[in-house]
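Next come the chains, spelled out residue by residue.
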Amino acid sequence: MPSTAAAPAAVNAPPARRAPAHRNEVVLAGRVTAEPSVRELPSGEHLVSWRISVARPPSDLRRGPQADPFTCVSFRPDIREAVRGWRIGDLVQVSGALRRRYRRAARGGGGTVEVEATGVRALGTGEEGGADPTGRTPDRP
């Protein structure tokens, strides 16, 4: 006689016993601090890279930095085109995933963490003094 056992354990397991879903998703909104630049890699691929600075919320402003810098990169031609006109001070949003990169250098290798962008959008230009994603007013005149 066939068993009337419950569905597989993974479906009916209590939340504490389920394996957590792996996720690597990042959304940042901040000011451009290094304009996008494109370089051709030895493989022939083109890599666009830029930096943004994301202000920390007022509750996190202790004695340390008031903002966090992030290097953003992308191999995608559509993103390379979208960021082409970005200038220092522009307010932008970047979504993507964190990537750990290792580089060889004359003085030994080194690693860095970058945001590999899968989506980008301009939120305001530096001249406009666009809205700050933290809700604070810009420190510019």
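The name given to the protein chain in an unreviewed UniProt entry is Single-stranded DNA-binding protein, with the source organism recorded as Nocardiopsis suaedae.

(A) Expanded view of the overall build of the protein chain. Tallying secondary structure elements over the protein chain gives two helices and five strands in all. In the protein chain, of all internal contacts separated by at least 6 residues, the share reaching a separation of at least 24 is 58%. Of the roughly 10,100 Å² that the protein chain leaves accessible, carbon and sulfur atoms contribute 52%.

(B) Spatial organisation of the confidence of the model for the protein chain. Of all residues in the protein chain, 72% attain a pLDDT of 70 or more, and the chain-wide mean is 80. Contacts from residues 6-10, a stretch scored under 50 in pLDDT, to residues over four places away or in other chains number three contacts. Low pLDDT (under 50) marks residues 130-141, which in the prediction has 21 contacts with non-local residues, meaning those over four places away or in another chain.

(C) A look at the packing of aromatic side chains. All chains considered together, the criterion is met by one aromatic pair. For the pair Trp-50 and Trp-86, a centre-to-centre distance of 5.8 Å together with 90 degrees between the ring planes defines the contact as edge-to-face. Residue Trp-50 is located in strand β2 (residues 46-55), and its partner Trp-86 is located in the loop between α2 (77-83) and β4 (91-103); the two are separated by 36 residues in the primary sequence. Judged by relative accessible area, which is 5%, Trp-86 ranks as buried.

(D) Structural context of the pairing of β4. Across six bridges, the pairing between strand β1 (residues 26-40) and β4 is antiparallel. Bridge pairing in β4 links Leu-28 to Val-94. When β4 meets strand β5 (residues 110-124), the two strands line up antiparallel, connected through 13 bridges. Counterpart to Leu-91 in the pairing with β5 is Gly-124.

(E) Spotlight on the side chain of Ser-74. For Ser-74, the position within the fold is in strand β3 (residues 67-74). Taking relative accessible area as the criterion, Ser-74 reaches 1% and is therefore assigned buried. Among all residues touching Ser-74, those that are not within four sequence positions of it are His-46, Leu-47, Val-48, Trp-50, Ile-79 and Ala-117.

(F) How the structure looks around the environment of Thr-118. You can see Thr-118 is positioned in strand β5. With 93 residues separating them along the chain, Thr-118 and Glu-25 place their C-alpha atoms 9.9 Å apart. Beyond its immediate chain neighbours, meaning those up to four positions away, Thr-118 contacts Arg-76, Ile-79, Ser-95 and Gly-96.

(G) Expanded view of the side chain of Arg-31. Mapped onto the elements of the fold, Arg-31 is located in strand β1. The buried category is assigned to Arg-31, whose relative accessible area is 17%. Engagement of the side chain of Arg-31 in a polar contact is seen with the backbone oxygen of Gly-89, the distance being 2.9 Å.

(H) Inspection of the pattern of salt bridges at higher detail. Under the defined criterion, the tally for this structure stands at eight salt bridges. As a salt-bridge pair, Glu-35 and Arg-87 come within 3.9 Å of each other at their nearest N and O atoms. Placement of Glu-35 in strand β1 and of Arg-87 in the loop between α2 and β4 is noted, with a sequence separation of 52 residues between them. The salt bridge involving Arg-56 is made with Asp-68; its shortest N-O contact spans 2.6 Å. Taken together, the residues Arg-56 in the loop between β2 and β3 and Asp-68 in strand β3 connect sequence positions 12 residues apart.

(I) Structural detail: the pairing of β1. Here seven bridges tie β1 to β2, and the two strands are oriented antiparallel to one another. Across the sheet, Ala-34 pairs through a bridge with Arg-51, a residue of β2.

Thresholds, definitions, all that
Residues numbered from 1 in each chain as written. Predicted model: local features only at pLDDT ≥ 70, side-chain atom pairs only at ≥ 80, totals over all residues. Heavy atoms only, no water. Helix = DSSP H or I, 4+ residues; strand = E, 2+ residues; numbered from the N terminus. Contact = heavy atoms within 4.5 Å. Areas by Shrake-Rupley, 256 points an atom, 1.4 Å probe, with all protein chains shown as cover. pLDDT = per-residue confidence, 0-100. Phe/Tyr/Trp six-rings, centres within 6.5 Å; stacked < 30°, edge-to-face > 60°. Buried < 20%, exposed > 50% of the residue type's maximum accessible area, 1.4 Å probe, protein only. Pairing = 2+ DSSP bridges. Polar contact = N/O pair within 3.5 Å; in protein donor to acceptor, adjacent residues only side chain to side chain. Salt bridge = Lys/Arg side-chain N within 4 Å of Asp/Glu carboxyl O.

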